[in-house]
Amino acid sequence: MHSQEIRRATNIALLLCSSFALAACGGGAGDAGNANPDAGASDTSPHVDSGARLEGDSGTATDTENPSRDGSSEACAGADDPDDLGVDSNCDNADGVATRDVYVNGDTGLDSNTGDPAHPLKSIEAGLRAVKSGGYVMLARGLYAPKTLDLPGTWKIVGGYESTFKGAPKRESTTISVPSSGLVLSKPDDASFAHLMFVGADAEDPKSPTAYVLRTSAKKLTLDDVALRAGNGLSGTNGADGLAGSAGASATSRYESGKTSCDGSVVLAALGGSPGSANDEGLSAGDCSAKVPAHPGSTGRPGSAGTDGGRLPTLTAEGLLEWRNAGDGHPDAVAGHGGAGGCRYEGGSGGGGGCAGKAGTGGTAAGGSVCVLALGGELTITRSLLHTGFAGAGGAGGAGGPGGAGGIGSAPACDTTCSVCTSDTFNCADYGAPGGAGGAGAHGGGSAGGWALGVATVKSATTALDASTTVELGKPGVGGANGLSRGPDGEKHASFHLD
Ligand SMILES: [Ca+2]
Ligand SMILES: [Ca+2]
């Protein structure tokens, strides 16, 4: 054999070995010529053809043309790990090792079957329970919806096969459907998935508004040629508007100024001749000589707005990401002040101030859309696609209620010289002034918009994405309105670490 041919044959052997367990290739370079005598002789384009030829060779040509030449054990010997081309290199009629691995077909399998390629199980869970240590669970095309795959130990799931379990697996062929809370992996020491797709659901429960695909704290988790599609996060709920404050009580006579009762406490307005009122700051009473009318009560101070929701997510005790709800508007709006009295003792009394409006409540937090949340362990992602949905919008704060209008002041009392009390008779300075309006209720805070995250790691969790992995991020949510502007808008990150 020419040196070039030897090198080619060795290359082929190495190519084969890359999909074998090392033990099968332990013979070293000296065996290369014997291991595949026909490969070197006929194959002129080993890199292009090797996979297809292997499948043909091992299944038919080699066996039928050389049925007994030192048995087929040498060409078919050794392990046959699942590979990208789905090559059955140990001649047991399926990629993988039929006696070691467990085969699953969600459409045609039965969990009472033996789990070999011709008699597959139906569910992934049954496959995981049945597989031997170091073995693979091999999935045929179809849709799977496991309740949980959180089994301890080391296990490997490979999907994308046709029902023959041979030929190159395609990740689009096998779909694992997961709820919006994500598939939880907390117990495995070392779990891996290859050649399949996870599809998450949209979040629908306001108590759990973020949509996940995987939530892992497995010691090691490896995803190779896996597509993860997260559903949409739920938007927050808008806060409730505050009620309007009650109107101030009007003065009924010179002897009875407006007595407004706000939440049980009575706010008195001034009687005739009095400068301002019990809750006033010395506003001037009417000045008869200058015909200056009594001073109306001033408007009460408005309430202070609720706090917006925080920008950053936090981690709940249940191990979920959470954007905190915005705060309610503060209940610190003040009632309007009572009106001042008329210029004389007999002058009119002031109207009571209006009650303050009630505060609006804060908007509730939005949910994000997250492909993988890693709470611990080592996450490795290669040749994969992470695709998030849209994150939810933050809930808007409720508007504060308007303050109540101030009560009307009274006309002057009639003295003995008076028969008809009108402003013409006594002038405007003699009338009681109206109360001020109540302060407006505070606006509730706006919650932050949810985030779109490819991978979120928390604390000690680590992640590594290779250059062949693509992350497609959906639109983050806008922040909820807070009266003046809005809460923090959501963000999007291919990976994000939360301490
Ligand atoms: Ca193989
Ligand atoms: Ca095989």
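Residues numbered from 1 in each chain as written. Chains lettered and ligands numbered in written order. Predicted model: local features only at pLDDT ≥ 70, side-chain atom pairs only at ≥ 80, totals over all residues. Heavy atoms only, no water.

1. Structural notes on the coordination of the calcium ion (ligand 1)
As a reminder, the rule being used: Listed donor atoms are N, O and S within 2.8 Å of the metal (Na, K and Ca: 3.2 Å). As water is not included, a site may look incomplete. When a residue's accessible area, from a 1.4 Å probe over protein chains only, is under 20% of the maximum for its type it is buried; when over 50% it is exposed; and in between it is partly exposed.
Protein coordination of the calcium ion (ligand 1) is provided by Asp80 (OD), Asp81 (O), Asp83 (OD), Val87 (O) and Asp95 (OD), with donor distances spanning 2.2 to 2.5 Å. Read from N- to C-terminus, the donor residues coordinating the calcium ion (ligand 1) fall into the pattern D-D-x1-D-x3-V-x7-D. On the accessibility criterion, aspartate 80 (0% relative accessible area) is buried.

2. Some words on the coordination of the calcium ion (ligand 2)
The test is simple: In short, tetrahedral needs four donors with all angles between 85 and 135 degrees, square planar needs four and octahedral six donors with opposite donors over 155 degrees apart and all other angles between 65 and 115, and whatever is left is irregular. Helix and strand labels come from DSSP, where a helix needs a run of H or I of at least four residues and a strand needs a run of E of at least two; each type is numbered from the N terminus.
Summarising the metal site, the calcium ion (ligand 2) is bound by the protein donors Asp80 (OD), Asp88 (OD), Asn90 (OD1), Asp92 (OD), Ala94 (O) and Gly96 (O), whose distances to it range over 2.1 to 2.3 Å. Its 6 donor atoms give the calcium ion (ligand 2) angles of 77 to 173 degrees at the centre, a pattern that matches the octahedral case. All donors to the calcium ion (ligand 2) come from one chain, and their sequence spacing reads D-x7-D-x1-N-x1-D-x1-A-x1-G. Note that aspartate 80 is positioned in the loop between α5 (73–76) and β1 (102–104) and glycine 96 in the loop between α5 and β1, a separation of 16 residues in sequence. On the basis of relative accessible area, glycine 96 is assigned to the buried category, the value being 0%.

3. Observations regarding the pairing of strand β17 (residues 452–458)
The test is simple: Pairs of strands are assigned from DSSP output, requiring at least two bridges between the strands.
Most of β17 sits inside the fold, with 7 of its 7 residues counted as buried. Note: strand β14 (residues 369–374) against β17, 5 bridges, orientation parallel. Note that in β17 the partner of leucine 373 across the bridge is alanine 456. Where β17 meets strand β20 (residues 492–498), 6 bridges bridge the pair, whose relative direction is parallel. Along β20, the bridge assignment pairs alanine 456 with phenylalanine 496.

4. Quick word on the sheet that holds strand β6 (residues 183–185)
Quick reminder of the rule: Axis lines are fitted to C-alpha atoms, over the contacting stretch for helices. Their N-to-C directions set the angle, which ranges from 0 to 180 degrees.
The 5 strands are arranged β6-β8-β14-β17-β20 in an open sheet whose pairing can be described as parallel. Because the sheet does not close on itself, it has two edges, and the strands there are β6 and β20. Shown here is a sheet whose adjacent strand axes are inclined to one another by a mean of 15 degrees, direction ignored. As defined by bridge partners, β6 adjoins strand β8 (residues 211–216) across 3 bridges and the pair is classed as parallel.

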